[in-house]
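This is what each chain is made of:
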Amino acid sequence: MKRIAVFGHSSMSLQVMNRLNPELYSMIYIGTNELDADLVAEAGFEAAVIDFRNDDALRSIGIGDDVEILFCFFAKDSDNVFLTISARSIDKDLTIIAIVDDPDSAAKLMAAGANKIIDPYEICGRRTHQLLIKPDLTTILDETVFGRHDLHIAQIEIPEGSWLDQRKASTLKLNEKHNLILIGVVDKELSEDLQFVIGEKEHTLDAGDVLVVLGPAREIRLFKEEVENV
Amino acid sequence: MLTRLVVYFAYFLKTSSRYQNAKLFFYNLLENPYSRLKYYFDVFMISLVVLSVFLLVYEVGKIPSEINRLFEQVIVSIFIVEYMLRAWLYSDSHKMILEHYEKAQYLNYPFRLSKSLRLIAAKKIEYVFSPLAIIDLLAILPSYRELRVLRILFLFRLFKLFRYFNSLKLFTGVLASKRFELYTLAILLGFLIFIGSTAIYLFENPAQGGQVGDLFDALYWSVVTLATVGYGDISPQTPGGRLVAMALIFTGLCVLTFFISIIVSAFNDKMQAMRINQTYAELNRYESFIIICGFGRVGRHIARQLERDQQRFVVIDSRKASVDMARQQGYLVIHDDASKNEVLINTGINNGATAVLCNTGDDVINVYITLTSRHLNPEIRIISRANNEENVKKLYQAGADHVIQPFEIAGLAVAEYIGQPVAFEAILGIIQEEKHILMEALCVHAGSFLEGKRIAELDFEQRKLVLVGVISANPVHRKHKNSYPIKNRHFYFNPESYFELQAGDLLMVLGRDYGINYFRDQIEKSRLKAGGGR
């Protein structure tokens, strides 16, 4: 089970913590005041208040030890930069994800050692734009993949010795056999990037390649079990 | 009998759609500042006025040719028709008659037509004596041979340009708005000229050895000196006259400075209104556009993407810094409060706007703008931003079609990135249309080759497309599995090979941009071929 430490904005933190599977991740919320910590604790998560400027305090919650992922969700970019620099100096292998308030601060956060920068306002702007230009599609994605219905996009890694090893992607016919749609493949023979499967190129699957599929949760689970059943 | 006939005719005009349409047409042509027709008409009239004055100047000292005479007659005819039409548009006479008639009926006293006619005449006379109508009339009168003495008034044609140039209108508006200050200045000026003229005459009359022969010379000298022009044709010779000259020059400078400061401050005051009016006029020329309320971080992202799509939009923000930023980017901006009915109406919420985006950082304001927009236009699309989760419901209640929460979406993105980074890249790739891969909803038009076809017959693989699902409101599909209800429609995920497409269905396909565009073109062509165009 991976250990995640979440710092900063309580509502953003709750959004993420609620979406992560508690069976896979152990999460701790670190607030700057008791009020935020209590709010998150009420939602059933472990919460604490520490001074993020203090390295010893960071170590005390497990950074440099068992914490593998760090979320920096402070409202101020300077706080996120400071926390990123502090955490990176303690643990070189830590995965750090930070939100950015001012787009100009993204480069600073990357320089400070963050692995991924999320700009909530940019994503919000993109979503609004999507709703404007592709209302049908966005509504469907919102309602199904991102919403209450059980359609999901999932990634499935092909293990060693799987029946998929050496199979051609075009022969899988996941839509007919598994009620799933194959969206893309990470064909490691070609590159580490995702290739969309739209009939342009044939992909020979190998162990370690990743399939990205869209479909109902149950079918995804069954297919995953089948693939992983070596 | 005559009264009854007039009242009947007034009712006829009131109910006649042809009359109303004609009046609306001429209103748009001559008066409506936001009309495209008026813009073209103004350009035409400006050309006509300039050409006619040019011909007049050209004719000086020559016998006018037949063509010039004919041209002059045409121009004058147009001016007369324009004058009459403006007089007609100035007031609705039939409404005035009906108003009095209905009032008389209600209060049970006899209706007197003469009283209504007097009021109508008063209204029309009011028009005749309005400054612009006088200019119009003076531009027409000199053309009559009997009134050749008025030829100098041809110059009034140039004044007609006031009607057609907005900047000239603005200047007169500025002067009118500072009427009190200008009156004060004029009184002061008159007083100074009076004192200066009297004093210089007393000091510089020929009996004193001066050059000021009479009071008119004195007045002329005072005006020239006060304006700091000083031609030098009359110059003071006596010490008293020179003192008067010095005093007049200094006071003249003060008056001039005062006048300039009045005009500058009036322009400053009007600048904001002028910019807004210019924006409204520009929006009026657009057939469709989007209203972005709030130019914060989200608003800026949206504006950038709409600009990339070459979509027309207008930004409304009450913060000066945001307005300046939007203006620097070259966007159309209105510096005002988007929650005011008047602002949204003038922007065109009922006249060309297709969507309102409420993006301010304050949920209270977003709710208010949403409510105002929905109240003004029940059909318009409203997408609103909720900064706090508890306000989502309120925004929907206020009338938003969609509510977007920045932190919810960001939370989803972060969770996806942690749990399934490749799937996250796939979603992001599709949403951001990276590598030209996109997901599109294509309509099954009635009459197109798709109508009545089964999925198996379409061979999406051959077209290098992936069919994700079908969106439909058609009840014939209900028997199919993998159906997800969405508002008043259903989304059929991964439809079976025997799924038969119906007109109005939407195919959700994934593919490269040109593959999708080619497929869309084929659908369109087949529809047109079938004689559809429906």
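Residues numbered from 1 in each chain as written. Chains lettered and ligands numbered in written order. Predicted model: local features only at pLDDT ≥ 70, side-chain atom pairs only at ≥ 80, totals over all residues.

1. Here's the deal with the packing of helix H1 (residues 10-19) of chain A against helix H18 (residues 406-419) of chain B
- The contact between H1(A) and H18(B) brings their axes to 8 Å, and the two run at 45°. With respect to their mutual orientation, H1(A) and H18(B) come out oblique. Of the two elements, H1(A) crosses H18(B), and the hand of that crossing is right-handed. Contacts between H1(A) and H18(B) involve A:Ser11, A:Met12, A:Gln15, A:Val16 and A:Arg19 on the former and, on the latter, B:Phe407, B:Glu408, B:Ala410, B:Gly411, B:Leu412, B:Val414 and B:Ala415.
- Each residue belonging to the contact of H1(A) with H18(B) can be placed in one class, and the counts come to seven nonpolar, three polar and two charged. (Axes fitted to C-alpha atoms, helices over the stretch in contact; angles between N-to-C directions. Helix = DSSP H or I, 4+ residues; strand = E, 2+ residues; numbered from the N terminus. Parallel < 35°, antiparallel > 145°, perpendicular 65-115°, else oblique. Left-handed = near helix turned anticlockwise from the far one by under 90°. Contact = placed C-beta atoms within 7 Å. Nonpolar A, V, L, I, M, F, W, Y, C, P; charged D, E, K, R; others polar.)

2. Remarks on the interface of chain B and chain A
- Chain B puts 58 residues into the contact, and the matching count from chain A is 53 residues.
- Counting residues per element, the side of chain B that touches chain A draws most heavily on H18(B), at 13 residues.
- For the side of chain B that touches chain A, the per-class residue count stands at 37 nonpolar, eleven polar and ten charged.

3. Remarks on the nonpolar core
- Judged by nonpolar contacts, the single largest core of 149 residues is most densely connected at A:Val6, A:Ile183, A:Val213 and B:Met508.
- Top element by residues in this core is H18(B). It accounts for seven residues.
- Look past the residues within four positions of A:Val213 in its chain and what remains in contact with it is A:Ala154, A:Ile156, A:Leu174, A:Leu180, A:Ile181, A:Leu182, A:Ile183, A:Ile220 and A:Phe223.
- Counting eleven residues, the second largest nonpolar core, distinct from the first, contains B:Val212, B:Ala218, B:Ala245 and B:Leu248. (Core = buried A, V, L, I, M, F, W, Y, C linked by C-beta atoms within 7 Å. Buried ≥ 20, exposed ≤ 12 C-beta atoms within 10 Å, placed from the backbone.)

4. Comments concerning the sheet that holds strand E10 (residues 210-216) of chain A
All names here are of chain A.
- Spatially, the four strands line up as an open sheet ordered E7-E10-E8-E9, and their pairing is antiparallel. Only two strands of the sheet have a single partner each, and these edge strands are strand E7 (151-157) and strand E9 (195-196).
- Across five bridges, strand E8 (residues 181-186) lies against E10 in antiparallel orientation. By the bridge assignment, Leu182 is partnered in E10 with Val213.
- Lying over the sheet, helix H9 (residues 217-228) contacts E7 and E10, oriented at roughly 145° with respect to E10. (Pairing = 2+ DSSP bridges.)

5. Here we look at the packing of helix H10 (residues 179-204) of chain B against helix H11 (residues 215-226) of chain B
All names here are of chain B.
- Where H10 meets H11, the closest approach of the two axes is 8 Å, and the angle between their N-to-C directions is 125°. Classified by the angle their axes make, H10 and H11 are oblique. Our pair here, H10 against H11, has a crossing hand that is right-handed. Where H10 abuts H11, its residues Leu192, Ile193, Gly196, Ser197, Ile200 and Tyr201 lie against Leu215, Ala218, Leu219, Trp221, Ser222, Val223, Thr225 and Leu226.
- Per-class residue counts for the contact of H10 with H11 are ten nonpolar, four polar and no charged.

6. A short note on helix H14 (residues 320-328) of chain B
Residue and element names in this part refer to chain B.
- Within the span of H14, buried status applies to Ser322, Val323 and Ala326. Take H14 and look down its axis: the buried residues cluster within an arc of 100°, on one side only. Facing away from the buried side of H14, by more than 90 degrees, are the exposed residues Lys320, Ala321 and Gln328.
- Those residues of H14 that are buried are in contact with strand E2 (313-317) and strand E3 (332-335).
- Gly330 occupies a position one or two residues after H14 and carries a positive phi of about 85°. (Arc of directions from axis to C-beta.)

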